[in-house]
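# Coordinate analysis (summary)
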Amino acid sequence: MMLPIAAKDRQSTSFLDALFTVTSASCVTGLVVTDTVTHWSLFGQVILLVLIQVGGMGIVTASLAVFLFSGKRISLRQRSTMQESISAAQVGGIVRLTGFILKASLLLELVGACIMSPIFIRDFGLARGIWYSLFHSVSAFCNGGFDLMGSKGAYSSLCFYVSQPVINLTIMLLIILGGLGFSTWDDLRKNRFRLRFCRMQTKTVLTVTFFLLILPALYFFFFEFDQLPWKERIWSSLFQSVTMRTAGFNTIDYSSVSEGGLLIMIFLMLIGGSPGSTAGGMKTTTLAVLLASAFSVFQRRDDTQLFHRRIPPEIVRNAVAILTLYLTAFLAGGIVISRLEQLPLLTCLFETASAIGTVGVTLGITRSLGTVSRLILILMMFCGRVGGLTVVFATISPRSESVSRYPKENLIVG
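Overview of the structure. (Residues numbered from 1 in each chain as written. Predicted model: local features only at pLDDT ≥ 70, side-chain atom pairs only at ≥ 80, totals over all residues. Heavy atoms only, no water.)

Our next topic: the packing of aromatic side chains. For the coordinates displayed, the defined rule picks out 16 aromatic pairs. Relative to Phe 223, the ring of Tyr 219 has its centre 5.3 Å away and its plane inclined at 35°; by these criteria the two rings are tilted. Of the two residues, Tyr 219 and Phe 223 are both situated in helix α10 (residues 200–224); the distance of 4 residues between them amounts to about one turn of the helix. The exposure class of Phe 223 is exposed, given its relative accessible area of 58%. Each ring, one from Tyr 254 and one from Phe 350, has its centre 6.1 Å from the other, and the planes form 50°; the classification is tilted. Here Tyr 254 is found in the loop between α11 (230–243) and α12 (259–271), whereas its partner Phe 350 is found in helix α15 (residues 345–356), with 96 residues between them in sequence. Across the pair, exposure class does not vary: Tyr 254 and Phe 350 are buried alike. By the ring-pair criterion, three or more aromatic residues cluster together here, those being Phe 120, Phe 124, Tyr 132, Phe 160 and Tyr 161. The ring of Phe 221 carries the charged tip of Arg 233 above its face, separated from the ring centre by 4.3 Å. (Phe/Tyr/Trp six-rings, centres within 6.5 Å; stacked < 30°, edge-to-face > 60°. Helix = DSSP H or I, 4+ residues; strand = E, 2+ residues; numbered from the N terminus. Buried < 20%, exposed > 50% of the residue type's maximum accessible area, 1.4 Å probe, protein only. Lys NZ or Arg CZ within 6 Å of the ring centre and 35° of its normal.)

What follows is the structure, encoded as structure tokens:
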């Protein structure tokens, strides 16, 4: 991306700007320091699209796809890695599942591009309209948030299409389907969409996703966008409820949203999508486990339960650790950037939540940030996509089994 051919003016892009853009694309975030359509040439845009596609499907999935197409044998260790990468239920059938993921992803992106193409061809011409349809379809399905419409300040690409039903519905459906997780698709497909036969994880993902779509949309409709005409108000409420969970597109100016609305958006960004999906964030299942654990305490039960199944204690501990990691990084990053840039704290917290949740929305400060602040966002985007626990496990010493245990003593909490 530093090559002159990648830029429209044929000038070399600075290392930091190129690094920020590449990290944002491969981590499917969408934060940018240069306008995508005016700065990058067609070559640069194609590179971005490839990075978004690979980042959305996952490096492991893309690697196994290369192995499959080359006819090489996939080892048991590679199958186990793939299982962890996409949160599959078992190692058996993982190669078949990989093929299903590739075919389904490409088919959905192609269908999305075909649906949007008449609108974009009408607005931008044949060649440009087809390219715009493909780019935005891939970016939406992979929860990338990159656009080719140009932006100014807090405004983003799809503000022009705020009440256009075809663009709104297609983008929202692609975002939702990409954020559900590949294992959820496979489970629904195998059980012919009969939820009572599906795994607990599938039920949890669908239930939490439903409430995270409906409840914020109702809040936005009644309290945030009441100044808009009815049609725009409905579409805006639905779209922001969907896109805030790691997609990064927007159809309104976020500078007009109240502080309460911004806090709800931050909450949605931190939660993100579901395990094994194209989305980032803490994940919907983490929220479900935390809520279930809290209710088990309220009801004085010994076990954490979901859908008449017990949750192992180590899963509850992992959920608490993930919450702690995300909150610590999000708050620390926002406070440091606020002090360095002399900007309002809420504005900086919105930016860091967008980075660590791999969302990509902004209140318009990304391009004005200094070097240190940009490096902080780069690190947060990386950690947000790879996963907080994965980064921690990779940097600390291997787990050691202790033969002794400390004596137990009660500690009063609450």
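The next thing to look at is the pattern of salt bridges. Counted by the stated rule, this structure contains 5 salt bridges. Here Asp 186 and Arg 189 are joined by a salt bridge, their closest N and O atoms 2.7 Å apart. Placement of the pair is Asp 186 and Arg 189 together in helix α9 (residues 182–190), with a separation of 3 residues, close to one helical turn. We classify Asp 186 as buried; its relative accessible area is 6%. Judged by relative accessible area, which is 38%, Arg 189 ranks as partly exposed. The partner of Asp 186 in a salt bridge is Lys 190, with the nearest N and O atoms 3.6 Å apart. You can see Asp 186 and its partner Lys 190 sitting in helix α9, 4 residues apart, about one turn around the helix. Taken together, the salt bridges that share partners define one network made up of Asp 186, Arg 189 and Lys 190. (Salt bridge = Lys/Arg side-chain N within 4 Å of Asp/Glu carboxyl O.)

Turning next to the environment of Phe 146. Structurally, the position occupied by Phe 146 is in the loop between α7 (126–141) and α8 (165–180). Overall, Phe 146 belongs to the buried group, its relative accessible area being 1%. Sequence separation between Phe 146 and Val 37 is 109 residues; the distance between their C-alpha atoms is 9.8 Å.

Our focus in this paragraph is unusual backbone geometry. Its identity as a non-glycine residue notwithstanding, Phe 193 has a phi of 65°, on the positive side. Turning to its location among the elements, Phe 193 is positioned in the loop between α9 and α10. Under the relative-accessibility criterion, Phe 193 is labelled exposed at 63%.

Along an α-helix, residues three or four apart share an orientation, since each turn contains 3.6 residues. Here helix α6 (residues 94–124) is 31 residues long and its end C-alpha atoms lie 42 Å apart, about the 45 Å a rise of 1.5 Å per residue gives. The axis of α6 is deflected most strongly, by about 45°, at Ser 117, and proline Pro 118 appears within four residues downstream. Residue Gly 125 follows α6 closely and has a positive phi angle near 95°. (Expected span 1.5 Å × (residues − 1). Bend = angle between axes of the 7 residues up to and from the residue.)

So, about the side chain of Ser 133. One can find Ser 133 in helix α7. When neighbours within four sequence positions are excluded, Ser 133 is seen to be in contact with Ala 113, Met 116, Ser 117 and Phe 120. (Contact = heavy atoms within 4.5 Å.)

Our focus in this paragraph is helix α1 (residues 15–26). Counted at 1.5 Å a residue, the expected span for α1 with its 12 residues is 16 Å, and the 16 Å between its end C-alpha atoms agrees. Within the sequence span of α1, burial applies to Leu 16, Asp 17, Ala 18, Phe 20, Thr 21, Thr 23, Ser 24 and Ala 25. Looking at the buried side of α1, the elements it contacts are α3 (42–57) and α16 (371–386). Phi turns positive, to about 40°, at Val 28, one or two residues after α1.

This part is about the packing of α15 against α16. Orientation of α15 relative to α16, taken along the N-to-C sense of each, is 40°, at an axis distance of 7 Å. Judged by the inter-axis angle, α15 sits oblique to α16. Contact residues: Glu 351, Thr 352, Ala 355 and Ile 356 in α15; Leu 377, Met 380, Met 381 and Gly 384 in α16. Looking at the contact of α15 with α16, its residues break down into 5 nonpolar, 2 polar and 1 charged. (Axes fitted to C-alpha atoms, helices over the stretch in contact; angles between N-to-C directions. Parallel < 35°, antiparallel > 145°, perpendicular 65-115°, else oblique. Nonpolar A, V, L, I, M, F, W, Y, C, P; charged D, E, K, R; others polar.)

A cluster of nonpolar residues, Phe 210, Phe 211, Ile 214, Leu 215, Leu 218, Phe 222 and Phe 223, forms a patch on the protein surface that exposes about 750 Å² of accessible area. You can see Phe 211 is positioned in helix α10. Take Phe 211: its relative accessible area is 45%, and that puts it in the partly exposed class. (Patch = residues over 30% accessible without salt bridge, like charges linked within 9 Å, V, L, I, M, F, W, Y side chains within 5 Å. Areas by Shrake-Rupley, 256 points an atom, 1.4 Å probe, with all protein chains shown as cover.)

A word on the nonpolar core. Core analysis: the largest hydrophobic core is formed by 49 residues, its most contacted members being Met 244, Tyr 254, Met 265, Ile 266, Met 269 and Phe 350. Sorting the residues of this core by element identifies α1, α10, α12, α13 (284–298), α14 (313–341), α15 and α16 as the ones contributing at least two each. Considering every element that reaches this core, the biggest residue donor is α12, with 7 residues. The residues touching Met 265, leaving out its near neighbours within four places in the chain, are Phe 220, Met 244, Tyr 254, Val 257 and Phe 350. Judged by nonpolar contacts, the second largest core, of 45 residues, contains Ile 119, Trp 131, Tyr 132 and Leu 180. (Core = buried A, V, L, I, M, F, W, Y, C linked by side-chain atoms within 4.5 Å.)

So, to be careful, I would describe these as geometric facts and stop short of saying anything about function.
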